[in-house]
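Inside the fold
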Amino acid sequence: MKIVVLGLVGVGRIGVMHANNIAGLRDVLHRRGVDLQLRLTDVAADHARTIAAGLGAEFFPSAAAMLASGLDGLIIATGTATHPELIRAGVTAGIPVFCEKPVAMNVAESLPVLDFIRDNRGVVQIGHQRRFDVGYLEARRAFLAGELGWIHSLRAVTCDMAPPPVEFLATSGGLFRDCSVHDFDIVRWLTGREIVEVYAKGSNRGHPAIGGVGDVDTALALITLDDGTVGTVSASRYNGAGHDVRLEIQGSDNSVLVGLDDKTALVSAESGVSFPGGRPHQTFAERFDQAYRSEMAAFVELILGERSNPCTPEDAVAASVVADAAQESLATGAPVQVGVSVLS
Ligand SMILES: NC(=O)c1ccc[n+]([C@@H]2O[C@H](COP(=O)([O-])OP(=O)(O)OC[C@H]3O[C@@H](n4cnc5c(N)ncnc54)[C@H](O)[C@@H]3O)[C@@H](O)[C@H]2O)c1
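Keep in mind that what you see is a predicted model, and the values were worked out from it rather than measured.

The rules behind each value
- Residues numbered from 1 in each chain as written.
- Predicted model: local features only at pLDDT ≥ 70, side-chain atom pairs only at ≥ 80, totals over all residues.
- Heavy atoms only, no water.
- Near = heavy atom within 4 Å.
- Polar contact = N/O pair within 3.5 Å; in protein donor to acceptor, adjacent residues only side chain to side chain.
- Areas by Shrake-Rupley, 256 points an atom, 1.4 Å probe, with all protein chains shown as cover.
- 1 Å grid on protein atoms, 1.4 Å probe; cavity = no way out; pocket = protein on both sides within 12 Å on 5 of 7 lines; lining within 4 Å.
- Sits in = over half its atoms within 2 Å of the grid points.
- Helix = DSSP H or I, 4+ residues; strand = E, 2+ residues; numbered from the N terminus.
- Nonpolar A, V, L, I, M, F, W, Y, C, P; charged D, E, K, R; others polar.
- Domains from an automatic or database assignment.
- Pairing = 2+ DSSP bridges.
- Phe/Tyr/Trp six-rings, centres within 6.5 Å; stacked < 30°, edge-to-face > 60°.
- Buried < 20%, exposed > 50% of the residue type's maximum accessible area, 1.4 Å probe, protein only.
- Lys NZ or Arg CZ within 6 Å of the ring centre and 35° of its normal.
- Salt bridge = Lys/Arg side-chain N within 4 Å of Asp/Glu carboxyl O.
- Points joined across faces, edges and corners; volume = space filled by probe spheres on them.

Focus: the site of the ligand
In the vicinity of the ligand there are 23 residues, among which Arg-13, Asp-42, Thr-80, Glu-100 and Tyr-292 approach most closely. Between an oxygen atom of the ligand and a side-chain N or O atom of His-83, the distance comes to 3.2 Å. Measuring from an oxygen atom of the ligand, one finds a backbone N or O atom of Lys-101 at 3.0 Å. About the coverage of the ligand: the protein hides 81% of its 860 Å² of free accessible area. A molecule is said to occupy a pocket when more than half its atoms come within 2 Å of that pocket's grid points, and by this definition the ligand occupies the largest pocket. Broken down by secondary-structure element, the contributors of at least two residues to the shell around the ligand are helix 1 (13–31) and helix 8 (175–191). Here the shell around the ligand is built from residues that sort into nine nonpolar, nine polar and five charged. Taken domain by domain, the makeup of the shell around the ligand includes at least three residues from each of domain 1 (2–129 + 292–312) and domain 2 (131–284 + 319–343).

Dropping the structure here:
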């Protein structure tokens, strides 16, 4: 039996979910001759001990102690500001790293991390889980197969049902960097085109504390791709109907809508139409349950040398370049040309 030891740093909102998903992978990997073991740590030690005990994982008092124990892969699910230091620690230990998006607070802080990873031949997978969602995968397949023709309009939507804690928002980098960065990534991944211009507007009609930490609760960016395709990327923290993530792609031959199912957080205004009639998704964890599981399975396959990296740090930073430009446009009120050339 081959033993694979994963170390997870940070068991907050998303870290707990990854820990549960790793525990859920154990049986299937066991049948493939792999014994998957989990070690974890968090500065909130009591909380982490409880999570570890519930999952049969081993608690460590610090990331350094956990790395020193000998790991096969490191998973980083701490707040964004800590990502660069922990990525460097994982790469220095010579093991594959999975890090939640984004690589760092902004592009300027991400570029030295990219250099470090490249110079040390690090393997780092970034957590853009939509690349594993069956809907986005099918839309990409349809587009690449030519079934949509050429795209005339893109509309990406990411809405939380309620805002995360204001303490999280204060360190998140802003709505475009925290939320819409997923849409910027998926538009690049799906179309294979670069976003060359963004023009953003935002508003604060919810709790004043969000404006108090310099963020907006709702925003929209008009995007232009390098082939002239236009689209919108919008996000809100106040979508009472449910957690709503969609991508509408309208093409010259056909159109697809990712995220349209029985749990879509919308009510039809048409008479006699009861679809969608299910309980809408409430959280990102529900909406992307399958994608997060597949993403973690992919990281184990990456460790085992069975696949290539599904989301490189360069890809993730390219999306962050767009997010930074959108934050700049929001602040200045003017369209911003996107400088993806910083990565070349
Ligand atoms: N891919 C996605 O869909 C998605 C969704 C949510 C959050 N995220 C990303 O995940 C990251 C974490 O977000 P969250 O909402 O879970 O945050 P959170 O604040 O709920 O959790 C972070 C956890 O890390 C711990 N921590 C912080 N610094 C630490 C350190 N140096 N060592 C050990 N533990 C430490 C905290 O105590 C906390 O438990 C962020 O970068 C965020 O952008 C991604």
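Still to come is the rest of the account.
Some thoughts on the sheet that holds strand 7 (residues 151–159)
Reading across from one edge, 12-11-7-10-9-8-13 is the order of the seven strands in this open sheet, with mixed pairing throughout. A single partner strand is all that each edge strand has here, and the edge strands are strand 12 (255–258) and strand 13 (336–337). Note: strand 11 (residues 244–251) against strand 12, four bridges, orientation antiparallel. Residue pairing for strand 12: Ile-249 is matched across the bridge by Val-256.

A closer look at the packing of aromatic side chains
Within the structure shown, the criterion is met by four aromatic pairs. Where Phe-284 meets Tyr-292, the ring centres are 6.3 Å apart and the plane angle is 70°; that geometry is what we call edge-to-face. The exposure class of Tyr-292 is buried, given its relative accessible area of 3%. Summarising the aromatic geometry, the rings of Phe-288 and Tyr-292 are spaced 6.5 Å apart at their centres and angled 85° between planes, so their arrangement reads as edge-to-face. Through pairs of rings, three or more aromatic residues link up here, namely Phe-284, Phe-288 and Tyr-292. Its end group placed over the ring of Phe-168, Arg-13 keeps NZ or CZ at 4.6 Å from the ring centre. In this arrangement the basic side chain of Arg-88 is found over the ring face of Phe-116, its NZ or CZ atom lying 5.6 Å from the centre.

Section: the pattern of salt bridges
Evaluated as defined, the whole model comprises 23 salt bridges. The network of salt bridges with common partners includes Arg-131, Asp-185, Arg-188, Glu-194 and Asp-315.

A few points about unusual backbone geometry
Here the bond from Lys-101 into Pro-102 is cis, since omega is -15°, no more than 30 degrees from zero. For the bond from Phe-275 to Pro-276, the omega torsion is -5°, close enough to zero to count as cis. As for its position among the elements, Pro-276 is in the loop between strand 12 and helix 10 (284–287). Positive phi values are uncommon outside glycine, yet Arg-121 reaches one of about 50°. When you line up the elements, Arg-121 lands in the loop between helix 5 (107–119) and strand 6 (124–127).

Quick look at empty space enclosed by the protein
Taken as a whole and judged by the stated rule, the model has one cavity of 30 Å³ or more. Taken as a whole, the largest cavity spans an internal volume of roughly 60 Å³. Lining the largest cavity are Thr-80, Pro-102, Ala-104, Met-105, Asn-106, Ser-172, Arg-177, Val-181, Ser-320, Ala-323 and Asp-324. Broken down by secondary-structure element, the contributors of at least two residues to the lining of the largest cavity are helix 8 and helix 12 (313–332). Element by element, the count of residues in the lining of the largest cavity is highest for helix 12, at three residues. Looking at the lining of the largest cavity residue by residue, the classes come out as five nonpolar, four polar and two charged. Inspection of the lining of the largest cavity shows a minimum of three residues originating in each of domain 1 (2–129 + 292–312) and domain 2 (131–284 + 319–343).

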